[in-house]
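A look at the structure
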Amino acid sequence: MPPRHGGNLAWAAAIAGCAPPEILDFSASLNPWGPPASVIAALQAALPTIRDYPDPDCRLLVDALAAVHQLPRQYFLVGNGAAELLTWVGRECADRRQVYLITPAFADYRRALTAFACPTVPIALTQVQTGFGAIAPSLTPADAILINNPHNPSGHLWLRHQLQPLLETGALVVVDEAFMDFLPPAASESLVEAVPQYPNLIVLRSLTKFYSLAGLRLGYGVSSPQRWQRWRSWRDPWSVNSLAIIAGVTALGDRPFQEQTWTWLPPARQAFAEALNAVPELNVATVSQANFLLIQATDSILPLQTYLLQEHRILIRDCCSFPELGASYFRVAVRRNIENERLLEALQTYYQRF
Ligand SMILES: Cc1ncc(COP(=O)(O)O)c(C=O)c1O
């Protein structure tokens, strides 16, 4: 079965006929500069602590999050990746009248909503790309809406004021900001600071993408303390491990790493997009504010995906798990220049040959 998510190196390596670390992975949207050296050093020093149970309240990390976001600690809940928290979003939405979902949508939303039989109503991204004014009047406090900002797989970014009308409806508004860290604080459109004012708002964040800690699993939610009390009663007490907690504290304090990423990304993304657009068969489909690009090809990219794996050990993310997009779309992470060039050369060779 083809994977439903990027970053499945075991699957890719089986097709490429090599070991997983030999794959150049453009399919998972991870920061190519991570994990930060500070985090690796902290993890090495913390290894002996795996003997003991982790702190179920992740106190050290919650303190760090409260300082970063300038909010009281009780607004934070740490999760085993944003994906764990999405499960509890599903549970939270189970008794809603309708749960609106912007499509195409990250496949894990469906997993979480289906697990709790949530009545889901799709809304096309194209319908709300310029704002939610037309949708907001149909939302009531009995409903919920799940938004991803910046949006995966398009990279589209909504501005805070465009999301504001949703908060006023009283509906549960879940904003997955897994990629928001890629915008520097001055350009951020995060709703985290609105949480104390809106008990109907849940913001989810991930530390696995910006800091490249996908294997460690670490994310957090920001919402009302009452909600977190309820979620704590649902989940397993040690879902976040001791190493993840230390990694999170260290990563949040690594300002040079953050600044390096913020300086690198915009010009790198622009240069990569221009080079991809120069391939006649390809078209970068949307303006991305995240660390990935969505590309439309003139034809199905499945043979291209196999070619890239078998001939170049390069993995791209097909968009077959996004039914609204299908096989002519693919997504790539923006990686280091030298790696982006490897992909570009392979793409040129493929399209010259076939
Ligand atoms: C939009 C979005 N939200 C959440 C996640 C899950 O993040 P985590 O690794 O923190 O579970 C992903 C992972 O790809 C994602 O793309």
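Residues numbered from 1 in each chain as written. Predicted model: local features only at pLDDT ≥ 70, side-chain atom pairs only at ≥ 80, totals over all residues. Heavy atoms only, no water.

**Describing the site of the ligand**
Worth spelling out the cut-off: Any residue with a heavy atom positioned within 4 Å of a molecule or strand is treated as near that molecule or strand. Any pair of N or O atoms that falls within 3.5 Å is considered a polar contact. Within protein, one atom must be able to donate a hydrogen and the other to accept it, and sequence-neighbouring residues count only if both atoms are side-chain atoms. In this description, accessible areas are obtained by the Shrake-Rupley approach with a 1.4 Å probe, and a residue is regarded as covered only by the protein chains that are shown.
The full set close to the ligand counts 15 residues, and Ala82, Asp176, Ser206, Lys209 and Arg217 are the nearest of them. Within the contact set of the ligand, an oxygen atom lies 2.9 Å away from a backbone nitrogen or oxygen of Ala83. Interatomic distance of 2.7 Å between a side-chain N/O atom of Ser206 and an oxygen atom of the ligand. Coverage of the ligand by the protein chains reaches 90% of its 400 Å² of free accessible surface.

**Observations regarding the domain arrangement of the chain**
Rule in force here: These domain limits were set by an automatic method or by a database of domain assignments. Residue contacts are defined here by distance: any two heavy atoms, one from each residue, within 4.5 Å place the two residues in contact. The quantity reported as buried area is the accessible area (1.4 Å probe) lost by two parts once they are put together, taken as the sum for both. Note on definitions: salt bridges are taken to be side-chain nitrogens of Lys or Arg within 4 Å of carboxyl oxygens of Asp or Glu. Helix numbers and strand numbers start at the N terminus; a helix is a DSSP run of H or I with at least 4 residues, a strand a run of E with at least 2. The classification used treats Ala, Val, Leu, Ile, Met, Phe, Trp, Tyr, Cys and Pro as nonpolar, Asp, Glu, Lys and Arg as charged, and all other residues, Gly among them, as polar.
Here the chain is described as being made up of domain 1 (9-35 + 256-353) and domain 2 (37-253). For domain 1 and domain 2, the distance between their C-alpha centroids amounts to 26 Å. At the interface, 22 residues of domain 1 touch 30 residues of domain 2. A buried area of about 2200 Å², summed over both sides, lies between domain 1 and domain 2, and 66% of it is on carbon and sulfur atoms. On the domain 1 side of the contact with domain 2, Pro35, Trp262 and Gln289 bury the most area, a combined 28% of that side's loss. Taken together, the connections running from domain 1 to domain 2 amount to 0 salt bridges. Taken together, the connections running from domain 1 to domain 2 amount to 10 residue pairs in polar contact (both at pLDDT 80 or more). By residue number, the principal contributor to the side of domain 1 that touches domain 2 is helix α10 (residues 255-277), which donates 5 residues. Of the residues belonging to the side of domain 1 that touches domain 2, the class tally is 11 nonpolar, 9 polar and 2 charged.

**Considering the packing of aromatic side chains**
To be explicit about the condition: Here the aromatic set is Phe, Tyr and Trp, taking the six-membered ring for Trp, and pairing holds for ring centres within 6.5 Å; pairs whose planes are under 30 degrees apart are stacked, those over 60 apart are edge-to-face, and all others are tilted. Residue burial is assigned from relative accessible area. The probe radius is 1.4 Å, only protein chains are included, and a residue is buried under 20% of its type maximum, exposed over 50%, and partly exposed in between. Charges are assigned to positions over rings by a cutoff of 6 Å between ring centre and Lys NZ or Arg CZ, combined with an angular limit of 35 degrees from the ring normal.
Counted according to the given criterion, the structure contains 18 aromatic pairs. Ring centres of Phe182 and Phe210 lie 5.1 Å apart, and the angle between their planes is 65°; this geometry places the pair in the edge-to-face category. A residue pair is termed long-range when its members are at least 10 positions apart, and Phe182 in the loop between β6 (172-176) and β7 (201-206) and Phe210 in the loop between β7 and β8 (219-222) qualify at 28 residues. Each member of the pair, Phe182 as well as Phe210, carries the same accessibility label: buried. Ring geometry for Tyr350 and Tyr351: centres 5.0 Å apart, planes at 80°, overall edge-to-face. The class for Tyr350 is buried, based on a relative accessible area of 10%. Here Arg331 stacks its cationic end above the ring of Phe292, 5.7 Å away from the centre of that ring. For Arg335, the ring lying beneath its charged end belongs to Phe26, and the centroid distance is 5.8 Å.

**As for the sheet that holds strand β10 (residues 292-297)**
We apply this condition: Only strands that DSSP links by at least two bridges are regarded as paired with each other. Lines fitted to C-alpha atoms define the axes, with helix axes restricted to the stretch in contact, and inter-axis angles between N-to-C directions lie between 0 and 180 degrees.
Taken in spatial order, the 4 strands of this open sheet run β9-β10-β13-β12, and their pairing is antiparallel. Edge positions in the sheet fall to β9 (282-284) and β12 (317-318), since each of these pairs with one other strand and no more. Pairing geometry for β12 and strand β13 (residues 329-333), over 2 bridges, is antiparallel. Within β13, the residue paired with Arg317 across the bridge is Arg331. Set on the sheet, α10 makes contact with β9, β10 and β13; between it and β9 the angle comes to about 150°.

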